[in-house]
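Each chain is listed here by its residues.
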Amino acid sequence: MLLLLLGIILLHVAALVLLFVSTIVSVWTSSETSTSDLWINCTTANGGYHCDPASTGEWIQAVQALMILSIIFSCLSLFLFFIQLFTLQKGGRFFLTGTFQILASLFVMSGAIIYTVMSPDWVPEESAFGYSYILAWVAFPLALISGLIYVILRKRE
């Protein structure tokens, strides 16, 4: 049982780290001369590096909000797991923890989908999706799997 709990916690922490990195790091799209993310767009021109804030369009603000919500819900889920681990009755299930983690996974999925659909209008065609964008997509199944494991998991003594 101890190894199972340790594995679940490691899976949860891995998803949480991926969420933090994908939200903070500035490489959602990249090209030879520019990188862009949810917060800032940077370009290299004439030997200089110039950064501008991200656009104020509704879709980018929705992606920002969804990514932040996914981090908040995943942190709350981890916190609730530790609380329920010590207060839940024997045989009880971690429904609240699982629900929060599943919601976090749905938030990151929704944010990545919106970015995928809307970014061609905002990012130059020569740009490709960067590793932060890929990490967001990797965080989605990890968070979903850990949330489902929480829902299935029963507390033993």
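Small disclaimer: the values here were computed from a predicted structure and weren't measured.

Draft legend 1. Broad picture of the nonpolar core. Formed by 17 residues in total, the largest nonpolar core has its most connected members in Leu-19, Trp-28, Leu-38, Val-63, Met-67, Val-108 and Tyr-115. Elements supplying a minimum of two residues to this core: helix H1 (2-24), helix H2 (58-87), helix H3 (95-118) and helix H4 (131-152). By size, the runner-up hydrophobic cluster in this structure holds 10 residues, among which are Leu-5, Ile-8, Ile-9 and Tyr-150.

Draft legend 2. Spatial organisation of the state of the cysteines. Scanning all chains against the criterion turns up 1 disulfide. A sulfur-sulfur distance of 2.1 Å marks the disulfide that ties Cys-42 to Cys-51. Between Cys-42 and Cys-51, the S-S dihedral sits near 110 degrees, and the bridge is therefore right-handed. You can call Cys-42 buried: its relative accessible area is 5%. A relative accessible area of 32% places Cys-51 in the partly exposed class.

Draft legend 3. Spotlight on H4. In this model H4 runs 32 Å from its N-terminal to its C-terminal C-alpha over 22 residues, within 8% of the 32 Å that 1.5 Å per residue would give. Of all the residues in H4, the buried ones are Ser-132, Tyr-133, Leu-135, Ala-136, Ala-139, Phe-140, Ala-143, Ser-146, Gly-147 and Tyr-150. End-on, the buried residues of H4 take up no more than an arc of 160 degrees, which puts them together on one face. Summarising the contacts, the buried residues of H4 are in contact with H1, H2, H3 and strand S5 (128-129).

Conventions used here
- Residues numbered from 1 in each chain as written.
- Predicted model: local features only at pLDDT ≥ 70, side-chain atom pairs only at ≥ 80, totals over all residues.
- Heavy atoms only, no water.
- Core = buried A, V, L, I, M, F, W, Y, C linked by side-chain atoms within 4.5 Å.
- Buried < 20%, exposed > 50% of the residue type's maximum accessible area, 1.4 Å probe, protein only.
- Helix = DSSP H or I, 4+ residues; strand = E, 2+ residues; numbered from the N terminus.
- Disulfide = S-S within 2.5 Å.
- Expected span 1.5 Å × (residues − 1).
- Arc of directions from axis to C-beta.
- Contact = heavy atoms within 4.5 Å.

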